[in-house]
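# Inside the fold
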Amino acid sequence: MKLEFKRELDHNYLVLEEEQAEPVKSFEIYMLEENRIPGLLHCTMQGVNQQQRFYYEVTSKQSLDLLLERKRLSYMDLVHILKGIQTAISGAREYLLDVNHLMMRPEYMYLNLDLDLPEFCYFPYYERPVREQFFELAEYLLGKLDRQDRSGVELGYEIYKMASEENCSIEEILRLQGKRPEERSGAGENIRLSWEKPQEPAGFKIAEPSNSYGMEQKKKQAKKAAFWKRRKKEPEPSLLLVDKGGSFLEQPPSEEQEWAAPRGETSLLSEGQERKLVLYSMNPAVEPLSVIGEHFLIGKKKDAVDGYINHPTVSRIHARIEKREQGYYVTDLNSTNGTYLNARLLEPSETAQLRIGDVVRFADIEYTVGN
């Protein structure tokens, strides 16, 4: 199966093509193209070189796996996912489509941030039992739970437990989303949850060491603390941030560099400091963006991004900057008005490396890449 992303005017598409396969039935294509089926991404088909290519509209939608890079699943998130699966299965059956052609992998589940319900790719060439797919999805969601949300953890474990039982139907699992937490027979009752600390037996107390060994340990700890206290006052060795072809390299300064480089400049990083990429706006009224962490989302939905841009042409989740071993990379995230790198429009989900001095533009807001 071949996957790519395409931009046509102000629309973004996820494109799937199955190579070396016989054309699918025209009935399925007619149903997908002529109807807006609840729970499914809207799809159109184009024939290219006797191959069928399926275009799924994903403009301003984000995949589930991307959204879960920076957040944990709550109880209501799980309920919304179950509702989305229920809607997609019901919609497919209503239009006489085979539910085993639904793609339940997180990278093919897209969410409109206004509706909160995921929509699925229905790909006629893809065929896996929906029951088997659901079990793999339940296992994936289990690792994304917010451990501070007790109801969410219990629901997640219950979904996983039921999905692993051979005689349990998917309809029975999906009905869990319609029940209140107290109405469900919790599968998490026998599981020690992360916030439940084991209690010590009554009267149990750790005694202070009274022998010579214990006293020696205290003396060693006191000497160690005094050493590090003195150590903090001494100047730390510096690392010089060198720009080699636009990429960041850390090198210990030579004697000449140590004397020549002015103290306190941003080109010097003390031990323990983290290097940062900064996007400086061309517009003085727009604040710069300091890129922090491995994944840095940019957009105008303030509670869902790391870099907030308050501008109408910027999408809610517009782009992402990733920190890798080779440097920093920018990816367009199905934005409506596009992401530009040095005046070149990136395709949806296209990734390109950032270098010092590059000009990156999110819709109408332009930045220069610096540090």
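Residues numbered from 1 in each chain as written. Predicted model: local features only at pLDDT ≥ 70, side-chain atom pairs only at ≥ 80, totals over all residues. Heavy atoms only, no water.

## Looking at the environment of Lys2
Secondary-structure assignment places Lys2 in strand S1 (residues 2–8). In sequence terms Lys2 and Arg53 are 51 residues apart; their C-alpha atoms lie 9.3 Å from each other. If sequence neighbours within four positions are ignored, Lys2 has contacts with Val15, Leu16, Glu17 and Glu19. (Helix = DSSP H or I, 4+ residues; strand = E, 2+ residues; numbered from the N terminus. Contact = heavy atoms within 4.5 Å.)

## Some points on the side chain of Ser281
On the secondary structure map, Ser281 appears in strand S12 (residues 277–281). Beyond its immediate sequence surroundings of up to four residues, Ser281 is in contact with Val286, Glu366 and Tyr367.

## Regarding the pairing of strand S21 (residues 359–362)
Alternating positions in S21 separate cleanly, Val360 and Phe362 being buried on one face and Val359 and Arg361 remaining unburied on the opposite face. As consecutive antiparallel partners, S21 and strand S22 (residues 365–370) are separated by two residues, and within that stretch Ala363 has a phi angle of approximately 60°, a positive value. (Buried < 20%, exposed > 50% of the residue type's maximum accessible area, 1.4 Å probe, protein only. Pairing = 2+ DSSP bridges.)

## Points about the packing of helix H4 (residues 130–142) against helix H5 (residues 150–163)
Direction vectors running N to C along H4 and H5 enclose 150°, while the axes themselves pass 9 Å from each other. Comparing their axes, H5 and H4 come out roughly antiparallel. Between H4 and H5 lies a crossing whose hand is left-handed. Residues Arg131, Phe134, Phe135, Ala138, Glu139 and Leu142 of H4 pack against Gly156, Tyr157, Ile159, Tyr160, Met162 and Ala163 of H5. Residue composition of the contact of H4 with H5, grouped by class: nine nonpolar, one polar and two charged. (Axes fitted to C-alpha atoms, helices over the stretch in contact; angles between N-to-C directions. Parallel < 35°, antiparallel > 145°, perpendicular 65-115°, else oblique. Left-handed = near helix turned anticlockwise from the far one by under 90°. Nonpolar A, V, L, I, M, F, W, Y, C, P; charged D, E, K, R; others polar.)

## Looking at the confidence of the model for the chain
This prediction gives the chain a mean pLDDT of 76; 71% of its residues lie at or above 70. Segment residues 186–214: pLDDT under 50, and 19 contacts once partners within four positions in sequence are set aside and those in other chains are kept. Predicted confidence for residues 246–273 stays below pLDDT 50, and this span has 49 contacts to residues more than four positions away or in other chains. (pLDDT = per-residue confidence, 0-100.)

## Looking at the packing of aromatic side chains
For any pair of aromatic rings, the description consists of the separation of the ring centres together with the inter-plane angle of the planes. Tallying each qualifying case throughout the model produces six aromatic pairs. Ring centres of Phe54 and Tyr125 lie 6.2 Å apart, and the angle between their planes is 80°; this geometry places the pair in the edge-to-face category. In this pair, Phe54 sits in strand S4 (residues 51–57) while Tyr125 sits in the loop between strand S8 (118–122) and H4, placing the two residues 71 residues apart along the sequence. We classify Phe54 as buried; its relative accessible area is 0%. Note on Phe135 and Tyr160: the rings are 5.6 Å apart at their centroids and 25° apart in plane angle, and the pair reads as stacked. Pair noted here: Phe135 is in helix H4 and Tyr160 is in helix H5, with a separation of 25 residues, a long-range link. With relative accessibility at 24%, the residue Phe135 sits in the partly exposed group. A relative accessible area of 25% places Tyr160 in the partly exposed class. What links up through ring pairs into an aromatic cluster is the set Phe54, Phe123 and Tyr125. One cation-aromatic arrangement involves Arg324 over Tyr329; the distance from NZ or CZ to the ring centre is 4.4 Å. (Phe/Tyr/Trp six-rings, centres within 6.5 Å; stacked < 30°, edge-to-face > 60°. Lys NZ or Arg CZ within 6 Å of the ring centre and 35° of its normal.)

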